[in-house]
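# Coordinate analysis (summary)
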Amino acid sequence: MALIHLNEEGFDKALFSGVPMLVDFWATWCTHCKPLGPIFEQLGEEYEGKNVLIGKVDVDEAPAVAAKYGIMGVPTVVLIQNGRETDRKVGGMPYDVYTEMLDAVLGGDET
């Protein structure tokens, strides 16, 4: 599954799919969010076909989703498993931080 841009309706559908989700909460006006764009594109490519969803949510276009997860600042990356948040990183992090989050979800069976 490649990188998916999620609106409120799409987020709910993805949430109930049962697939773990790594979601980048961002905004177009956020200068600190811009470096995460290419990182999430790369994650989407690397984890395509694996049992995980890589998504982005524009907090201005999906404010109810941002509120549900208590997003107070962007960028914030949230890992969701079985409909519940299991990890969160606030601010931009290196690529490896996100792959560690994903690999932990996949239990080392990411291939």
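The paragraphs below set out a description of the structure included in this document. Since we're looking at a predicted model, the values are computed, not measured. (Residues numbered from 1 in each chain as written. Predicted model: local features only at pLDDT ≥ 70, side-chain atom pairs only at ≥ 80, totals over all residues. Heavy atoms only, no water.)

On to empty space enclosed by the protein, then. Here the structure, examined in full by the defined rule, presents one cavity of 30 Å³ or more. Roughly 30 Å³ of volume is contained in the largest cavity. In this structure, the largest cavity is lined by Leu15, Gly18, Val19, Pro20, Met21, Ile80, Gln81, Asn82 and Gly83. For the lining of the largest cavity, the per-class residue count stands at five nonpolar, four polar and no charged. (1 Å grid on protein atoms, 1.4 Å probe; cavity = no way out; pocket = protein on both sides within 12 Å on 5 of 7 lines; lining within 4 Å. Points joined across faces, edges and corners; volume = space filled by probe spheres on them. Nonpolar A, V, L, I, M, F, W, Y, C, P; charged D, E, K, R; others polar.)

This brings us to the packing of aromatic side chains. All told, the structure shown has three aromatic pairs when counted by the stated rule. Three or more aromatic residues joined by ring pairs make a cluster, and in this case those are Phe11, Phe25 and Tyr69. One residue, Lys50, lies across the ring of Tyr47, its end atom 4.8 Å from the ring centre. (Phe/Tyr/Trp six-rings, centres within 6.5 Å; stacked < 30°, edge-to-face > 60°. Lys NZ or Arg CZ within 6 Å of the ring centre and 35° of its normal.)

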